[in-house]
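Remarks on the overall topology
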Amino acid sequence: MMRGLAQLYLALGDPNPDGSVAVRVYHKPLVILIWFGAIVMVIGGAFSLTTGACAWGAPKPARAKAAMQPAE
């Protein structure tokens, strides 16, 4: 089992008449990947805000045509 990629959550219930308290334990595997995805999105957003030097696939502006000709 991958313990590094899982999280445990404890939830305390209401106290019972005898003074005991119910405790629920939830095992959430791979929850850390949600946080990792958010970090990847932040890095990608910061990368997209850099100068145009990193914009490999950015389209180039269109060149102006010398003279317009009427359609035939």
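What this report covers is the structure whose coordinates are included nearby. Just so it is clear, the structure is predicted and the values come from calculations on it, not from any experiment. (Residues numbered from 1 in each chain as written. Predicted model: local features only at pLDDT ≥ 70, side-chain atom pairs only at ≥ 80, totals over all residues. Heavy atoms only, no water.)

Structural notes on a nonpolar patch on the surface
Together, Leu 30, Ile 32, Leu 33, Ile 34, Trp 35, Phe 36 and Val 40 make up a nonpolar patch on the protein surface, roughly 700 Å² of accessible area in all. Within the secondary structure, Phe 36 sits in helix 1 (residues 32–48). Judged by its relative accessible area of 51%, Phe 36 is exposed. (Patch = residues over 30% accessible without salt bridge, like charges linked within 9 Å, V, L, I, M, F, W, Y side chains within 5 Å. Areas by Shrake-Rupley, 256 points an atom, 1.4 Å probe, with all protein chains shown as cover. Salt bridge = Lys/Arg side-chain N within 4 Å of Asp/Glu carboxyl O. Helix = DSSP H or I, 4+ residues; strand = E, 2+ residues; numbered from the N terminus. Buried < 20%, exposed > 50% of the residue type's maximum accessible area, 1.4 Å probe, protein only.)

A word on the pairing of strand 1 (residues 6–15)
Counted residue by residue, strand 1 has one buried out of 10 residues, so it is predominantly exposed. Looking at chain direction, strand 1 and strand 2 (residues 21–29) are connected through eight bridges and run antiparallel. Bridge pairing in strand 2 places Pro 15 opposite Val 21. The turn linking strand 1 back onto strand 2 is made up of five residues, and Gly 19 within it adopts a positive phi angle of 95 degrees. (Pairing = 2+ DSSP bridges.)

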